[in-house]
Amino acid sequence: MSGLLRFCGLTPDARIPGTGPVGVPAIAAPASVALIALAFFGHEVLRARRVRARHRSVLDMVGRRSARLRATVLDHDTPAAYCLPGRRPRIVVSAGALRLLSPAQLESVLEHERAHIAGRHHLALAATEAFARAFRWLPLAREARAQTALLLEMVADDRALRRHPRQALVSALCTMAAGQAPRAPGGAFTVGGPGAVVRLRRMLDARRRPHPALCGVLAAVAVGLPLLPPLLGCAPGM
């Protein structure tokens, strides 16, 4: 750090210009945007937590706990499965899913839901939801919310595929997406959630994965790109 400061011409005894009439708005504007986003994020996290708490209380009355499945079984004929993430996570499976899914399919579905809980995907979803609410006039904010939900489902799919056969998850997803499942509460993740068709095509696609060396190069480029502007700005003039 000391060498970088000297390279940029900022020695310990150098004076740093004070904030003038232009500097104050330049600092206040991004700070205000960050505070607004944080406020919406906190509100979204609390709102989703209250919704999940109310739904848990309903499940305690109408559902039955299965120690074998480590899930709550809901008496509903339509095949459905979803999870309630958070400090008191819970996986919910309908009686219709238990009746129609094979043991391999059911285990892949449960692993999909466990991936959402272990990855704390509800926080990422709350962040994009807060971003969309705070900047609702931006098309990027609305698109980020939808795409993040889809990507989180793909992440859960990948974890389930590492432990269970591809055909089991694909066939289970077809079965779950075909029925009109009971509406899950806000903040819950359903196995037949956003972009089921896109996810099915992705899992059925037999394309080879990129070489690990290519992944390493892309990761290095992604890490190095944010460092380019300060390095270029500190470069001595020619």
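Residues numbered from 1 in each chain as written. Predicted model: local features only at pLDDT ≥ 70, side-chain atom pairs only at ≥ 80, totals over all residues. Heavy atoms only, no water.

### Points about the overall build of the chain
Here's step 1: Helices and strands together make up the secondary structure of the chain, namely 10 helices and five strands.
Here's step 2: Residues counted as buried form 33% of the 238 residues belonging to the chain.
Here's step 3: Long-range contacts, defined here as pairs at least 24 residues apart, represent 66% of the contacts in the chain between residues at least 6 apart.
Here's step 4: Carbon and sulfur atoms form 65% of the exposed surface of the chain, whose accessible area is close to 15000 Å². (Helix = DSSP H or I, 4+ residues; strand = E, 2+ residues; numbered from the N terminus. Buried < 20%, exposed > 50% of the residue type's maximum accessible area, 1.4 Å probe, protein only. Contact = heavy atoms within 4.5 Å. Areas by Shrake-Rupley, 256 points an atom, 1.4 Å probe, with all protein chains shown as cover.)

### Some details on the pattern of salt bridges
Here's step 1: Summed over all chains, the structure comprises 12 salt bridges.
Here's step 2: Notably, a salt bridge pairs R199 with D157, separated by 2.8 Å at the nearest N-O pair. In this pair, R199 sits in helix α8 (residues 196–204) while D157 sits in helix α6 (residues 139–163), placing the two residues 42 residues apart along the sequence.
Here's step 3: The class for D157 is buried, based on a relative accessible area of 1%.
Here's step 4: Linked through salt bridges whose partners overlap, the residues forming this network are E44, R47, E129, R133 and R145. (Salt bridge = Lys/Arg side-chain N within 4 Å of Asp/Glu carboxyl O.)

### Comments concerning the packing of α6 against α8
Here's step 1: The geometry of α6 relative to α8 is characterised by a closest axis approach of 11 Å and an angle of 40° between their N-to-C directions. Classified by chirality, the crossing of α8 by α6 is right-handed. Judged by residue contacts, L150, E153, M154, D157, D158 and L161 of α6 engage V198, R199, R202 and M203 from α8.
Here's step 2: Residue composition of the contact of α6 with α8, grouped by class: five nonpolar, no polar and five charged. (Axes fitted to C-alpha atoms, helices over the stretch in contact; angles between N-to-C directions. Left-handed = near helix turned anticlockwise from the far one by under 90°. Nonpolar A, V, L, I, M, F, W, Y, C, P; charged D, E, K, R; others polar.)

### Comments concerning the packing of aromatic side chains
Here's step 1: Tallied over the full model, the rule gives two aromatic pairs.
Here's step 2: Considering the side-chain rings of F131 and F135, the 5.4 Å spacing of their centres and the 55° angle between planes classify their relative orientation as tilted.
Here's step 3: Measuring from ring centre to ring centre gives 5.7 Å for F135 and W137, while their planes differ by 80°; the resulting arrangement is edge-to-face.
Here's step 4: Here F135 falls in the buried class, since its relative accessible area comes to 11%.
Here's step 5: Three or more aromatic residues joined by ring pairs form one cluster here, namely F131, F135 and W137. (Phe/Tyr/Trp six-rings, centres within 6.5 Å; stacked < 30°, edge-to-face > 60°.)

### Notes on unusual backbone geometry
Here's step 1: Residues other than glycine seldom take positive phi values, yet R70 does so here, at roughly 55°.
Here's step 2: Tracing the backbone shows R70 in the loop between β1 (63–66) and β2 (71–74).
Here's step 3: Residue R120 is not a glycine yet carries a positive backbone phi of 50°.
Here's step 4: Locating R120 in the fold gives a position in the loop between α4 (103–118) and α5 (121–134).
Here's step 5: Using a relative accessible area of 53% as the deciding quantity, one classes R120 as exposed.

### Details of the nonpolar core
Here's step 1: In this structure, V93 and L101 are the most contacted members of the largest nonpolar core, which totals 14 residues.
Here's step 2: Elements represented by at least two residues in this core include exactly β2, β3 (81–84), β4 (90–94), α4 and α7 (166–178).
Here's step 3: A total of three residues in this core trace back to one element, the largest contributor, which is α4.
Here's step 4: With residues near it in sequence (within four places) discarded, L101 still touches L106, V109, A172, T175 and M176.
Here's step 5: Core analysis: the next-biggest nonpolar cluster, separate from the first, contains seven residues, A160, L169, V170 and L200 among them. (Core = buried A, V, L, I, M, F, W, Y, C linked by side-chain atoms within 4.5 Å.)

### Focus on the confidence of the model for the chain
Here's step 1: Considering every residue of the chain, the mean pLDDT works out to 79; 73% of them sit at 70 or more.
Here's step 2: When pLDDT is averaged over each helix and strand of the chain, the minimum, 58, is found for helix α1 (residues 2–7) and the maximum, 93, for α4. (pLDDT = per-residue confidence, 0-100.)

### Some points on the side chain of S66
Here's step 1: Within the secondary structure, S66 is located in strand β1.
Here's step 2: A relative accessible area of 14% means that S66 is categorised as buried.
Here's step 3: Contacts of S66, omitting those with residues within four sequence positions, involve A71 and V73.

### Some points on the pairing of β1
Here's step 1: Both β1 and β2 contribute to a ladder of four bridges, which runs antiparallel. When the sheet's bridge partners are listed, G63 is paired in β2 with L74.
Here's step 2: Joining the antiparallel neighbours β1 and β2 is a turn of four residues, in which R70 adopts a positive phi near 55°. (Pairing = 2+ DSSP bridges.)

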